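Single-letter residue listing:
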Amino acid sequence: MKNVYGGANRYNTKEDRLTILSIYRVKLLSLLNEGFNPFEDNTARYLNREDKTLNPMKNTNKVPEVELMIKPKVSVLSYKVAFTKGLKYKEKLISDTTRRSYENRLKNFLLWVEKHHPELKAITDIDKKVVMDFLNHILDLTSPRNRNNYRTDLSSIMQALEDNDIISSNFIKKIPVLKSTPQRNKTYSKEQQKDIFEHLEKTDKTLLLFIKFISYNFLRPIEVCRLRVGDLDIHHKRIQFRAKNSPLKTKIIPDLLLNDLPDLSKLNKEHNLFTPDGIGGVWESELSNKRDYFSKRFKRIIKDPFNLGADYGLYSFRHTYITKLYRELVKGSSPFEAKSKLMQITGHSSMTALEKYLRDIDAEFPDDYSELIKS
């Protein structure tokens, strides 16, 4: 038999837990002595029971697992139906991009279970070992980071099932996260940036403007893809967008970028700012597909001709210009003052987040310390 917890883990102290578990023990023994059998249908015995005082549900409502032993058997949800419900519970709480990620990873998990464990049917059949085997399978095929992403998404859905009393606990939370090295985009040198901009000025001005939103306004590529014409307030030099860490952010449009913008006054404010055909228009596509489109366009027009490695991409321009801005700011002030000004411009949510970002992109360099170590 599986352990009967009956929600005892919700009590904070050992004394409280022992108290409720002791009640469960007494009641379970009473039921067993009456002839109730957890492996049989107890419907008739329960309905014909004369002494209702032995019914554990009469005096307390804190023994749900005990009740299951004596109530008529109920059908347990299949794991496919349960996971579908879990995903449905999450839909209103997550973005479309996150929902697609959940759907894709859940689909792969269900296909794997169906192939490798066809004997499993109910949601209660999915245990820690099954999920661990699947995560190890993903690790063998891909990377620790991807394995961790699968763990996070599956755990989130399982948590929704726990919160809605479909399962007793989310055991995936107990599966450890593996250490992984995140992919890093290198910063461009001054010469590389200059050559790229000059090349795009001649070959692809739409892509150049896309990159300038990343470089001058410090937007992420996916944030640029979200932009609509109406998000830009040219008169007040403001731009509004949905950021990674905020539902809506407002930034100034620096003159450097403002001077490069075409006339937007005659364009439909609901149209996408960037499309494959130019500035302003309808582009019916998933957000992730839009980002991938410009990444591939950049690869075709810049990365391949310039022989740039995998470490260089659109995101590299954000690193490059934040590094350039920070080093200019720190020339006339202390590092803390420079970071305080920089945080207002980049939109980082905290000084800690900004400092970690600057460390990751190697934006901070010490002064020459030769005098300190020479013999």
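The name given to the chain in an unreviewed UniProt entry is Site-specific integrase, with Psychroserpens ponticola as the source organism. As its UniProt record puts it under Sequence similarities (unreviewed entry), the chain is described as follows: "Belongs to the 'phage' integrase family."

Draft legend 1. Quick look at the environment of glycine 6. Position of glycine 6 relative to the elements: it lies in the segment before α1 (14-34). The class of glycine 6 is buried, set by a relative accessible area of 7%. A sequence separation of 15 residues divides glycine 6 from leucine 21, and the C-alpha atoms of the two residues are 8.3 Å apart.

Draft legend 2. Summary view of the packing of helix α7 (residues 128-141) against helix α8 (residues 144-163). Between α7 and α8, the least distance of the axes is 8 Å, while the angle of their chain directions is 150 degrees. Considering how the two elements wind past one another, α7 and α8 form a crossing that is right-handed. Counted together, Met132, Phe134, Leu135, Ile138 and Leu139 of α7 and Pro144, Asn146, Arg147, Tyr150, Arg151 and Leu154 of α8 form the full contact between these two elements. In the contact of α7 with α8, the residues fall into eight nonpolar, one polar and two charged.

Draft legend 3. Inspection of the nonpolar core at higher detail. In this structure, Phe213 and Leu358 are the most contacted members of the largest nonpolar core, which totals 50 residues. Beyond its immediate chain neighbours, meaning those up to four positions away, phenylalanine 213 contacts Phe218, Leu219, Val224, Leu227, Leu232, Ile239, Leu257, Leu261, Leu273 and Phe274. Counting 28 residues, the second largest nonpolar core, distinct from the first, contains Ile126, Phe134, Ile138 and Ile172.

Draft legend 4. Geometry of empty space enclosed by the protein. Tallying each qualifying case throughout the model produces two cavities of 30 Å³ or more. Looking at the largest cavity, its volume works out to about 70 Å³. Taken together, 12 residues form the lining of the largest cavity, with Arg220, Lys249, Arg318, Thr346 and Gly347 sitting closest to its centre. Those elements giving two or more residues to the lining of the largest cavity turn out to be β2 (238-243) and β3 (246-252). Here the residues of the lining of the largest cavity are counted per class, giving three nonpolar, four polar and five charged.

Draft legend 5. View of the pairing of β2. Every second residue of β2 is oriented toward a common face, the buried set being Ile239, Phe241 and Ala243 and the non-buried set Arg238, Gln240 and Arg242. Note: strand β1 (residues 232-233) against β2, two bridges, orientation antiparallel. Among the inter-strand pairings, aspartate 233 is bridged to a residue of β2, identified as arginine 238. The antiparallel pairing of β1 with β2 creates a hairpin that spans four residues between the two strands, and lysine 237 there sits at a positive phi of about 55 degrees.

Draft legend 6. Structural view of the environment of lysine 128. The residue lysine 128 is located in helix α7 in this model. Through-space distance from the C-alpha of lysine 128 to that of lysine 173 is 9.8 Å; in sequence the pair is 45 residues apart. The residues contacting lysine 128, other than those within four sequence positions of it, are Phe171, Lys174 and Ile175.

Draft legend 7. Focus on the packing of aromatic side chains. On inspection of all chains with the given rule, the structure shows 17 aromatic pairs. Ring centres of phenylalanine 134 and tyrosine 150 lie 5.5 Å apart, and the angle between their planes is 75 degrees; on these two criteria the pair is classed as edge-to-face. Of the two residues, phenylalanine 134 sits in helix α7 while tyrosine 150 sits in helix α8, which places them 16 residues apart along the sequence. Each member of the pair, phenylalanine 134 as well as tyrosine 150, is classed as buried. Ring geometry for tryptophan 283 versus tyrosine 293: centroids 5.5 Å apart, planes at 80 degrees, classification edge-to-face. In this pair, tryptophan 283 is assigned in the loop between β5 (278-281) and α13 (287-306) and tyrosine 293 in helix α13, connecting sequence segments 10 residues apart.

Draft legend 8. Quick peek at the pattern of salt bridges. If you walk through the whole model with that rule in mind, you get 18 salt bridges. Note that glutamate 286 and arginine 100 form a salt bridge whose closest N and O atoms lie 2.3 Å from each other. With glutamate 286 in the loop between β5 and α13 and arginine 100 in helix α6 (residues 96-116), this pair connects stretches of sequence that are 186 residues apart. Taking the relative accessible area as the measure of exposure, arginine 100 reaches 19% and is therefore buried. Where aspartate 311 meets lysine 186, a salt bridge forms, and the shortest distance between an N and an O atom there is 3.8 Å. Remark: lysine 186 occurs in the loop between α8 and α9 (190-203) and aspartate 311 occurs in the loop between α13 and α14 (315-329); sequence separation between them is 125 residues. Its relative accessible area of 39% is what places lysine 186 among the partly exposed residues. Residues participating in the shared-partner salt-bridge network are Asp96, Arg99 and Glu103.

What counts, and at which threshold
The residue numbers shown here count from 1 along each chain, following its written sequence. The model is predicted, so local features are restricted to residues of pLDDT at least 70 and side-chain atom pairs to those at 80 or more, both for listing and for counting; the totals for chains, interfaces and linings are taken over all residues. The side-chain figures draw on all heavy atoms in the structure; neither hydrogens nor water molecules are used. UniProt positions are given in the numbering used here, feature names are shortened, and annotations may be inferred rather than shown by experiment. Helix and strand assignments follow DSSP, with helices taken as H or I runs no shorter than four residues and strands as E runs no shorter than two, numbered in order from the N terminus. The classification of residues rests on relative accessible area computed with a 1.4 Å probe and restricted to protein chains. Under 20% of the type maximum is buried, over 50% is exposed, and intermediate values are partly exposed. Simply put, an axis is a line fit to the C-alpha atoms, just over the touching stretch for a helix, and the angle between two N-to-C directions goes from 0 to 180 degrees. With the far helix as reference, a near helix turned anticlockwise by less than a right angle produces a left-handed crossing, and one turned clockwise produces a right-handed crossing. Whether two residues are in contact is decided by their heavy atoms, any of which lying within 4.5 Å being enough. Under the scheme applied, nonpolar residues are Ala, Val, Leu, Ile, Met, Phe, Trp, Tyr, Cys and Pro; charged residues are Asp, Glu, Lys and Arg; polar residues are all the others, including Gly. Nonpolar cores were defined as sets of buried Ala, Val, Leu, Ile, Met, Phe, Trp, Tyr and Cys residues, with membership established by side-chain atoms within 4.5 Å. For each structure, a 1 Å grid was placed over the protein atoms alone; sets of points admitting a 1.4 Å probe that cannot get out are labelled cavities, open sets with protein on both sides within 12 Å along at least five of seven lines are labelled pockets, and lining residues have an atom within 4 Å of a point. Grid points are joined across faces, edges and corners, and a volume is the space filled by probe spheres set on the points. Should DSSP find at least two bridges between two strands, the strands are taken to pair. Only the six-membered ring of Trp is used, alongside the rings of Phe and Tyr, when aromatic pairs are assigned; centres must lie within 6.5 Å, and planes under 30 degrees apart are stacked while those over 60 apart are edge-to-face, with the rest tilted. Any Lys or Arg side-chain nitrogen located within 4 Å of an Asp or Glu carboxyl oxygen qualifies as a salt bridge.

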